[in-house]
Amino acid sequence: MPSNSPKTDSSPVSVLGLGLMGTALATALIGAGHPTTVWNRTKSKTGPLAAQGATPADTARDAITAADLVIVCLTTNDNVRALLAPEADALAGRTVVNLTNGTPGQARELAEWAAAHGITYIDGGIMAVPQMIATPGAYIFYSGTDEAAFETHRPTLAALADTKWVGKDPGLAALYDLSLLTGMYGMAMGVAQAFAMIRSEGIPARELAPLLTDWIIAMTRGLVPEGAEALDTDQHLTDVSNLAMNREAFPNFTTAFAEQGLHTDLFEPLQDLLDRAVEQGHGADGFSRMALLLNKD
Ligand code: NDP
């Protein structure tokens, strides 16, 4: 259980959406001693939670009216909007914590809708897979206009994972969440390309795995903090690995992929970006410059 979580708490809470994540969230709340009401579109998913002590609700409205704190975790924010819109009157005066993955813009729209109906809205971004919920290392970003409401419910939310409040703009939790996931997906696709490359000669991926792990950790340790510092101080000149050199070397990737019988389309946009960097006169800069080139302004 996360360090800032109490062992037991009697505040009632309702959970709407019992997919893999919603089920893990409800399980954690039950485990922390909260009277927990659960609802899911497919009712059979309430069974295992009822066996652990949750109260299954027949309708979303029944679940909403069972607690001041309503946690929602559906597939998309379109689903959330469709589910909550007809229940606005029941939600008025309560706090919705939306842990559905979405965009900053979607969070701001939901917050506006909620405010117009007298509903307190807190958006969240879960930095964990379901198996990590209520274990050390898991955390959830939160943001919303009503920080006091967040503080009121923080002890309950702490049963799920460590809580990281990131500000009063409701879009900020999604912004932090998607920023971290952006780094993760970029890395995951690089790993996929690396495995495809090594396996193109029949070498098992597991032979590359320890080397790749160490390499990514070593590269990240330098690239991330130094890149952030360079960006924030607008000092991009480097004597380590400049963009002009990288641009000249980069065709080796796509050429090698083609030679090895692999698709080249994942890396082609990166070549375009390097070309643009050099054409715009940034050849002597390091990779920190690339973040600026991704900015449309
Ligand atoms: P699942 O696919 O396991 O569950 C989706 C849930 O959404 C189910 O309860 C489903 O109901 C419900 N749902 C979908 N559409 C509707 C609708 N129109 N009306 C009502 N309910 C609906 O997904 P997860 O639980 O894994 O993910 C839920 C959210 O958590 C997503 O936004 C995801 O991005 C986020 N998340 C997930 C992580 C993970 O590792 N799983 C990690 C971090 C965030 P039904 O059972 O009836 O289909």
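So, how was this worked out
- Residues numbered from 1 in each chain as written.
- Predicted model: local features only at pLDDT ≥ 70, side-chain atom pairs only at ≥ 80, totals over all residues.
- Heavy atoms only, no water.
- Helix = DSSP H or I, 4+ residues; strand = E, 2+ residues; numbered from the N terminus.
- Near = heavy atom within 4 Å.
- Polar contact = N/O pair within 3.5 Å; in protein donor to acceptor, adjacent residues only side chain to side chain.
- Areas by Shrake-Rupley, 256 points an atom, 1.4 Å probe, with all protein chains shown as cover.
- Nonpolar A, V, L, I, M, F, W, Y, C, P; charged D, E, K, R; others polar.
- Buried < 20%, exposed > 50% of the residue type's maximum accessible area, 1.4 Å probe, protein only.
- Pairing = 2+ DSSP bridges.
- Domains from an automatic or database assignment.
- Contact = heavy atoms within 4.5 Å.
- Phe/Tyr/Trp six-rings, centres within 6.5 Å; stacked < 30°, edge-to-face > 60°.
- Lys NZ or Arg CZ within 6 Å of the ring centre and 35° of its normal.
- Core = buried A, V, L, I, M, F, W, Y, C linked by side-chain atoms within 4.5 Å.
- Patch = residues over 30% accessible without salt bridge, like charges linked within 9 Å, V, L, I, M, F, W, Y side chains within 5 Å.
- Salt bridge = Lys/Arg side-chain N within 4 Å of Asp/Glu carboxyl O.

Turning next to unusual backbone geometry. Here the phi dihedral of Ala134 falls at roughly 65°; this positive angle occurs in a residue that is not glycine. Here Ala134 shows up in the loop between strand S6 (120-127) and strand S7 (139-143).

Let's shift gears to the site of the ligand. Close contacts around the ligand come from 20 residues, with Met21, Asn40, Thr42, Lys45 and Asn101 the closest. A distance of 3.1 Å separates an oxygen atom of the ligand from a polar atom in the backbone of Gly19. A distance of 2.8 Å separates an oxygen atom of the ligand from a polar backbone atom of Met21. The protein chains hide 74% of the 900 Å² of surface that the ligand would expose on its own. Looking at which element gives the most residues to the shell around the ligand, the answer is helix H1 (residues 20-31), with three residues. Split into classes, the residues belonging to the shell around the ligand amount to nine nonpolar, nine polar and two charged.

Before going further, it helps to spend a moment on the pairing of strand S5 (residues 95-98). Side chains Thr95 and Val97 of S5 all project onto a buried face; the interleaved residues Val96 and Asn98 project onto the opposite face, where all are buried too. Bridge count for strand S4 (residues 69-72) against S5 is four bridges, and the pairing is parallel. In the sheet register, Leu69 faces S5, and the bridge partner there is Thr95. The pairing of S5 with S6 spans four bridges and is parallel.

On to the domain arrangement of the protein. Interfaces are often sized by the amount of accessible area the parts lose when they come together. Annotation of the protein at the domain level lists domain 1 (13-169) and domain 2 (200-293). Each of domain 1 and domain 2 has a C-alpha centre, and the two are 39 Å apart.

Moving on, we get to the side chain of Thr95. As for its placement among the helices and strands, Thr95 is situated in strand S5. Each residue touching Thr95, except ones within four places of it in the same chain, is listed here: Asp68, Leu69, Val70, Thr120, Ile122, Ala149 and His153.

Within this structure, the stated rule accounts for nine aromatic pairs. Judged by centre distance (6.3 Å) and plane angle (45°), the rings of Phe253 and Phe257 are tilted. Of the two residues, Phe253 and Phe257 are both situated in helix H11 (residues 251-259); the distance of four residues between them amounts to about one turn of the helix. Judged by its relative accessible area of 4%, Phe257 falls in the buried class. Taking the ring centre of Tyr139 as reference, the NZ or CZ of Lys164 above it sits at 4.5 Å.

On to the environment of His236, then. Secondary-structure assignment places His236 in the loop between helix H9 (205-233) and helix H10 (243-249). Using a relative accessible area of 5% as the deciding quantity, one classes His236 as buried. For the pair His236 and Glu226, spaced ten residues apart in the sequence, the C-alpha separation amounts to 10.0 Å. Sequence-distant contacts of His236, that is, excluding residues within four places in its chain, are made with Ala230, Leu231, Asp285, Gly286, Ser288, Arg289 and Leu292. In this structure the side chain of His236 is engaged in a polar contact, spanning 2.9 Å, whose partner is the side chain of Asp234.

With respect to the element layout, Gln271 can be found in helix H12 (residues 268-279). Setting aside anything within four residues of it in sequence, one finds Gln271 in contact with Arg247, Phe250 and Pro251.

Ranked by internal contacts, the top residues of the largest apolar core, which has 32 residues, are Leu25, Ile71, Leu99, Tyr142 and Leu160. For this core, the secondary-structure elements that each account for two or more residues are strand S1 (13-16), H1, S4, S6, S7 and helix H7 (147-157). Among the elements that take part in this core, H1 stands out by supplying seven residues, more than any other. In this structure, Leu99 is in contact with Leu25, Ile71, Val72, Cys73, Gly124, Ile126, Ile140, Tyr142 and Leu160, ignoring residues within four places of it in sequence. Counting residues in each nonpolar core, the second largest holds 22 residues, with Ala57, Ala63, Ala90 and Leu91 among its members.

Bringing the sheet that holds S6 into the picture now. In space, the eight strands of this open sheet follow the order S3-S2-S1-S4-S5-S6-S7-S8, with mixed pairing throughout. For this open sheet the edge positions go to strand S3 (55-56) and strand S8 (162-167), each flanked by a neighbour on one side alone. Here S1 runs beside strand S2 (residues 36-39); their pairing, made up of four bridges, is parallel. By the bridge assignment for S2, Leu16 is matched with Trp39.

Here we take up a nonpolar patch on the surface. Side chains of Met184, Tyr185 and Met187 sit close together on the surface and give an oily, nonpolar patch of about 310 Å² of accessible area. Checked against the element boundaries, Met187 lands in helix H8 (residues 172-199). For Met187, a relative accessible area of 41% puts it in the partly exposed group.

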